[in-house]
Amino acid sequence: MNSKLDCRQLKKDALLKLKEKIEKEALQPVLAIIQVGSVDASNIYIRNKRKAADEIGITTTLCSFEEDVDQETLLRKIEELNENPNINGIFIQLPIPSHLDEVELINHIDPKKDVDGLTTMNLGNLVSGEPLLTPCTPNAVMDILEALDCDITGKNVTIIGRSRLVGKPLFHLLLQKDATITMCHSKTENLKEHTLNADILITAAGTKKNLITADMVKEDAIIIDVSIIRDEQNQLHGDVDYDTVKEKVNYVTPVPGGVGQLTVLELMKNTVKANEIQKTYTLKKK
Ligand code: NAD
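### Considering the domain arrangement of the chain
Accessible area lost upon the coming together of the parts serves often as the stated size of an interface.
Link 1 in the chain: What the domain assignment reports for the chain is domain 1 (26–111) and domain 2 (136–260).
Link 2 in the chain: Here the C-alpha centroids of domain 1 and domain 2 sit 28 Å apart.

### So, the environment of Leu191
Link 1 in the chain: When you line up the elements, Leu191 lands in helix H8 (residues 191–196).
Link 2 in the chain: Look at Leu191 and you get buried, because its relative accessible area is 18%.
Link 3 in the chain: Once residues lying within four places of it in the same chain are set aside, the contact partners of Leu191 are Ile160, Cys184, Ile212 and Met216.

### Considerations on the sheet that holds strand S5 (residues 180–184)
Link 1 in the chain: Strand order across the open sheet formed by five strands is S5-S4-S6-S7-S10, with parallel pairing between neighbours. Each edge of the open sheet carries a strand with a single partner, namely S5 and strand S10 (251–252).

### What about the site of the ligand?
Link 1 in the chain: Surrounding the ligand, one finds 20 residues, the nearest of these being Arg162, Ser163, His185, Ser186 and Thr263.
Link 2 in the chain: Backbone polar atom of His185 to a nitrogen atom of the ligand: 3.4 Å apart, as the coordinates give it.
Link 3 in the chain: With respect to the ligand, the side chain of Thr207 contributes an N or O atom lying 3.2 Å from a nitrogen atom.
Link 4 in the chain: Computed on the free molecule, the ligand has an accessible area of 860 Å², of which 72% lies beneath the protein chains in the complex.

Conventions and cut-offs
Residues numbered from 1 in each chain as written. Predicted model: local features only at pLDDT ≥ 70, side-chain atom pairs only at ≥ 80, totals over all residues. Heavy atoms only, no water. Domains from an automatic or database assignment. Helix = DSSP H or I, 4+ residues; strand = E, 2+ residues; numbered from the N terminus. Buried < 20%, exposed > 50% of the residue type's maximum accessible area, 1.4 Å probe, protein only. Contact = heavy atoms within 4.5 Å. Pairing = 2+ DSSP bridges. Near = heavy atom within 4 Å. Polar contact = N/O pair within 3.5 Å; in protein donor to acceptor, adjacent residues only side chain to side chain. Areas by Shrake-Rupley, 256 points an atom, 1.4 Å probe, with all protein chains shown as cover.

The following block contains the structure:
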């Protein structure tokens, strides 16, 4: 167990490897990012993604829309990007304003270009055990478990949060690694009973800081905190009371500097993968 794992370093090393692959295979991946409105947090996330892409040789193109854009305009843009052979990946920066139908927009993306892995088709591929492109944040959690050299087989894993974005796909990625999984959510009774039973606890509730305290975790557990909670002072927190929990467990990811680091990496990996999938598909069609 590598209890000193540094997620920033892990991201740096993996991005370098990806850069070498892009150069060696003379790939020219292109990622289109769709942004609606101009929320500060989204601007930062997009800036980070574009910076990482630029560093490793992935071209990004930003498609920005006003806050009040209608569904039709976005659907038409997605169609245009789907049909453009020079675009390999399409990513919608979430959240988007509530007047828009998020799932319909996501499902309009060609599954071969769905670098966030969130179309119903790609989620279905994952559930059926034949994944094509899988969601970035759950992939990031799996990256961390792999880097920790953590044997997942048969282990008790508790996931907090059952969203389409995190909990549900993560459940299936872990199931493929033979974990024994408990899925908790806002209606779960006696959360502590489930967290105390976890060899690996993955938490993505995002509702209040310090939801998970030291008395709720097993000694020597591995804790992965996906949540990002912004307080009134603009400070970022996760679900876990990091300072006290870290004294008790084998490893806990910090927020910031944990899962979020690897999510960006996973978007880059999926863009390169989408580039490869489309090449294979074009060859098959010929
Ligand atoms: P969501 O609101 O869609 O889902 C939250 C889930 O947590 C729900 O299933 C809900 O039932 C459950 N939940 C809420 N409060 C709970 C409680 N007290 N006890 C048990 N379960 C509870 O959110 P999401 O999109 O899945 O995101 C979750 C968190 O992860 C957010 O803080 C978000 O910002 C963060 N996030 C981080 C990254 C990253 O890159 N690090 C990526 C995506 C999301």
